[in-house]
Amino acid sequence: MTFQRRAAGAAGIAVLALSMLAAPARADGSHECFSGERSPAGDTYTLSGWGCSGAGYADVTVILRFGAAAGTYVCGYVFPWNGTLSGNRCRTS
């Protein structure tokens, strides 16, 4: 019985390891802000958001709900702090 349990455990670990290798590695997240602004920065934008919540720092989706810059963006990196957000290398999505 002990051998069967060990074999089943090893098989389960192998299946888990293979499934983790098959999944793409991603370092993304999303933030949603009540309002915000955007400023041109070459062919991308710099975002400022207020009333924000979410998670993630690199390759994230940012949604600005209201204001002239309202829309969905994908940012290279963001810095969220106390409900505000600063995003760099952002493109409209």
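Below or above, wherever it landed, is the structure these notes cover. (Residues numbered from 1 in each chain as written. Predicted model: local features only at pLDDT ≥ 70, side-chain atom pairs only at ≥ 80, totals over all residues. Heavy atoms only, no water.)

**Considerations on the overall build of the chain**
Argument step 1. Within the chain one finds one helix and five strands.
Argument step 2. Listing the helices and strands of the chain from first to last along the sequence gives α-β-β-β-β-β.
Argument step 3. Within the span of the chain, comprising 93 residues, buried residues form 19% of the whole.
Argument step 4. Surface summary for the chain: the accessible area is close to 6400 Å², and the carbon and sulfur share equals 60%. (Helix = DSSP H or I, 4+ residues; strand = E, 2+ residues; numbered from the N terminus. Buried < 20%, exposed > 50% of the residue type's maximum accessible area, 1.4 Å probe, protein only. Areas by Shrake-Rupley, 256 points an atom, 1.4 Å probe, with all protein chains shown as cover.)

**Considerations on the sheet that holds strand E1 (residues 30-41)**
Argument step 1. The mixed closed barrel is built from five strands, whose spatial order is E1-E2-E5-E4-E3. Pairwise comparison of adjacent strand axes, ignoring direction, gives a mean angle of 50 degrees for this sheet. (Pairing = 2+ DSSP bridges. Axes fitted to C-alpha atoms, helices over the stretch in contact; angles between N-to-C directions.)

**Description of the environment of alanine 70**
Argument step 1. Note that alanine 70 resides in the loop between strand E3 (58-66) and strand E4 (71-81).
Argument step 2. By relative accessible area, which is 38% here, alanine 70 ends up partly exposed.
Argument step 3. For alanine 70 and glycine 36, which are 34 residues apart along the polypeptide, the C-alpha to C-alpha distance reads 7.2 Å.
Argument step 4. Among residues more than four places away in sequence, those in contact with alanine 70 are Leu64 and Arg65. (Contact = heavy atoms within 4.5 Å.)

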